Amino acid sequence: MKIRENVPIAELTTMRLGGAARYVIEIEEDKDLAEAYRFAKEKDLPTYILGGGSNVIGRDGGFNGVIFVNKLHGIYVIDSDKDSIRLCAKSGELLDDLVEYSVKLWNGEFYGWCGIEALSKIPGTVGAAPVQNVGAYGQEIAQTLHSVCVYDNKDNCFKHMMADELDLGYRHSIFNTGDGVGRYFITSVTLELHKNWLKPPFYTSLQAYFDEHKITEFNPQVIRDGVAAVRAGKLPDPAEFASAGSFFKNVYLDEEETKKAEAKGIPVWDGGKVPSGWLIENAGLKGKEFYGMRVSDKAALVLINESAKNYADLAKARQAVIDAVYEKYGYKLEQEPMELGDK
Ligand code: EPU
């Protein structure tokens with residue numbers, strides 16, 4: 001177990017902001033967890049788990065606590081029959097590596113098991129996927145999640161939890177709400193994949209890509225390639241541009257609000273979703289820079305850290321976007337990534 005001291009959160013997160021964390025421990029095996037939590041308890045310090053750091057924003061005051069960086073690796077087939085397969089992945093694997101593995105795996109008739117191919121190229125680790133129920137292009141992890149193994153830092157033991165115990169919703173689970181925050185370290189995730197290919201019509205932007213490229217035959221690899229191409233054309237690669245993916249959540253309306261929005265010409269998708277990217281773009285902010293943060297000119301929902309000096313700059317930029325959208329449309333945008341540390 002490797003322990004480092006005074007490590008800037010900026011070095012551990014893709015938005016590249018934030019002061020120092022007092023301790024950082026790399027978790028390489030499940031058995032490190034009991035010791036790592038004991039270390040934190042002895043020092044009376046809080047803990048925080050980081051995977052790829054692609055959905056977490058560090059604050060300027062740093063974190064007077066212990067960050068656990070997830071280095072648990074391995075992907076295993078644990079069960080399969082004619083129609084389905086259970087894949088178990090350790091939580092420190094990259095989600096995209098698991099997708100790659102699943103679309104290349106022989107299923108008895110053809111290559112590729114289905115269920116997570118549309119989650120291709122999402123940055124971050126497997127363990128982060130259930131925390132915020134990651135979703136993209138018509139799939140979310142909740143649809144294929146079978147169960148998770150966790151270390152419960154309250155009861156000091158490992159537990160197996162079924163997907164229906166996790167209260168999975170839009171960017172939501174027991175892991176990012178209420179008493180569940182900080183309580184569990186997800187050590188592995190088991191998915192149940194199947195043979196049913198996704199069929200057209202696909203999610204709007206994906207369908208548009210297939211139409212444009214005259215692609216009419218689909219399998220999990222084709223979907224993966226399509227999603228990768230759409231994302232590359234739109235979402236800035238966090239390795240190249242400092243960002244945290246979608247910076248704001250989409251807005252969800254009830255039936256009455258939906259009628260009012262549609263009367264004003266605001267697009268409302270199935271289930272009452274107003275794309276925040278549309279609101280930001282139509283408030284005239286696409287490509288604009290505030291306090292060193294740029295509203296991406298490809299996807300207005302993404303804020304890119306070009307030269308922001310600190311979290312305080314980001315906070316001012318965030319407020320500028322929220323205010324502009326509120327003034328024009330009356331919706332209050334909410335931040336999507338989590339935050340870590342003291343302001
Ligand atoms: N739009 C604009 N301008 C923009 C961006 C989007 O007008 O600059 C409008 C368009 O009408 C577009 C619609 O918004 O058709 C929806 O955009 P898109 O399909 O790109 O999806 P999104 O709602 O912006 C969500 C997720 C993404 C996920 C995509 C694809 C959230 C907060 N974001 O974005 O997730 O990849 O759908 O399924 O739900 C993330 O969470 O970090 C993330 C990237």
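Owing to the predicted nature of the structure, the values given are computational and were not obtained by experimental measurement.

S.K.: Describe the nonpolar core, and please don't skip the residues or the numbers.
M.R.: Counting residues in hydrophobic clusters, the biggest one holds 42 residues, and the most contacted among them are Leu98, Ile116, Leu119, Val148, Phe175, Leu191 and Leu206. Of all the secondary structure elements, the ones that give two or more residues to this core are β7 (84-90), α2 (95-103), α3 (128-131), β10 (145-152), β12 (184-194), α4 (204-212) and α5 (220-234). Broken down by element, the residue count for this core peaks at 5 residues, all from β12. Leaving out residues up to four positions away in the same chain, Leu191 has contacts with Ile85, Arg86, Leu87, Leu98, Ile116, Ile141, Thr144, Leu145 and His146. The next biggest cluster of nonpolar side chains, apart from the first, holds 31 residues, and it includes Val251, Ala300, Tyr311 and Val325.

S.K.: Please set out the site of the ligand residue by residue, giving values where relevant.
M.R.: Close to the ligand lie 25 residues, the nearest being Tyr137, Tyr170, Lys234, Glu281 and Ala300. At 2.6 Å, a backbone N or O of Tyr137 approaches an oxygen atom of the ligand. A distance of 3.2 Å separates an oxygen atom of the ligand from a polar side-chain atom of Arg231. Relative to its free-state accessible area of 810 Å², the ligand is covered by the protein chains to the extent of 84%. Those elements that place two or more of their residues in the shell around the ligand are β8 (135-136), α5, β13 (243-246) and α7 (276-282). If you tally residues by element for the shell around the ligand, the top one is α7, at 3 residues. Residues belonging to the shell around the ligand are distributed by class as follows: 12 nonpolar, 5 polar and 8 charged.

S.K.: Break down the pattern of salt bridges for me, citing the residues and quoting the values.
M.R.: Scanning the model with the defined rule gives 24 salt bridges in all. With a shortest N-O distance of 2.8 Å, Glu192 and Arg86 are connected by a salt bridge. Pair noted here: Glu192 is in strand β12 and Arg86 is in strand β7, with a separation of 106 residues, a long-range link. Classification of Glu192 by relative accessible area gives partly exposed; the value is 32%. When its relative accessible area of 26% is taken as the criterion, Arg86 is described as partly exposed. Here Lys309 makes a salt bridge to Asp313, at a shortest N to O gap of 3.9 Å. Assessed through its relative accessible area of 70%, Lys309 is described here as exposed.

S.K.: Report on the packing of aromatic side chains, specifying residues and quantitative values.
M.R.: According to the stated counting rule, one finds 18 aromatic pairs in the structure shown. Aromatic pair Tyr23 and Phe39: ring centres 5.1 Å apart, planes at 90 degrees, arrangement edge-to-face. Taken as a pair, Tyr23 in strand β2 (residues 20-27) and Phe39 in helix α1 (residues 32-42) lie far apart in primary sequence, 16 residues in all. With a relative accessible area of 8%, Tyr23 lands in the buried category. Aromatic side chains Phe202 and Phe218 sit 4.7 Å apart centroid to centroid with 70 degrees between the ring planes, which places their arrangement in the edge-to-face category. Pair noted here: Phe202 is in the loop between β12 and α4 and Phe218 is in the loop between α4 and α5, with a separation of 16 residues, a long-range link. With relative accessibility at 10%, the residue Phe202 sits in the buried group. Three or more aromatic residues joined by ring pairs make a cluster, and in this case those are Tyr37, Phe68, Tyr151, Phe158 and Phe185.

S.K.: Give me the layout of surface pockets: which residues, what numbers.
M.R.: Take a probe with the size of a water molecule and roll it over the atoms, and the empty space left behind shows itself. One number sums up the size of the second largest pocket: a volume of about 260 Å³. As for the second largest pocket, its lining consists of 17 residues, of which Thr14, Gly52, Ser54, Leu94 and Gly124 are closest to the centre. The class makeup of the residues in the lining of the second largest pocket is 9 nonpolar, 6 polar and 2 charged.

S.K.: Pulling in residues and values, what's your account of α2?
M.R.: Taken as a whole, α2 has its buried residues at Leu95, Asp96, Leu98, Val99, Ser102 and Val103. For α2, the buried positions fall inside an angular range of 155 degrees around the axis, keeping them on one side.

S.K.: Explain the side chain of Ser276 residue by residue, including any values.
M.R.: Within the secondary structure layout, Ser276 lies in helix α7. Filtering out sequence-adjacent residues up to four positions away, Ser276 remains in contact with Phe248, Lys249, Asn250, Val251, Leu301 and Leu333.

S.K.: Mind laying out the sheet that holds strand β17 (residues 293-295), listing which residues take part and the relevant values?
M.R.: Taken in spatial order, the 4 strands line up as β13-β18-β17-β16 in an open sheet, and their pairing is antiparallel. Each having just a single partner strand, β13 and β16 (289-290) make up the two edges of the open sheet. Alignment of β16 against β17, held across 2 bridges, turns out to be antiparallel. When the sheet's bridge partners are listed, Glu289 is paired in β17 with Arg294.

Conventions used here
Residues numbered from 1 in each chain as written. Predicted model: local features only at pLDDT ≥ 70, side-chain atom pairs only at ≥ 80, totals over all residues. Heavy atoms only, no water. Core = buried A, V, L, I, M, F, W, Y, C linked by side-chain atoms within 4.5 Å. Buried < 20%, exposed > 50% of the residue type's maximum accessible area, 1.4 Å probe, protein only. Helix = DSSP H or I, 4+ residues; strand = E, 2+ residues; numbered from the N terminus. Contact = heavy atoms within 4.5 Å. Near = heavy atom within 4 Å. Polar contact = N/O pair within 3.5 Å; in protein donor to acceptor, adjacent residues only side chain to side chain. Areas by Shrake-Rupley, 256 points an atom, 1.4 Å probe, with all protein chains shown as cover. Nonpolar A, V, L, I, M, F, W, Y, C, P; charged D, E, K, R; others polar. Salt bridge = Lys/Arg side-chain N within 4 Å of Asp/Glu carboxyl O. Phe/Tyr/Trp six-rings, centres within 6.5 Å; stacked < 30°, edge-to-face > 60°. 1 Å grid on protein atoms, 1.4 Å probe; cavity = no way out; pocket = protein on both sides within 12 Å on 5 of 7 lines; lining within 4 Å. Points joined across faces, edges and corners; volume = space filled by probe spheres on them. Arc of directions from axis to C-beta. Pairing = 2+ DSSP bridges.

By themselves these figures say nothing about function.
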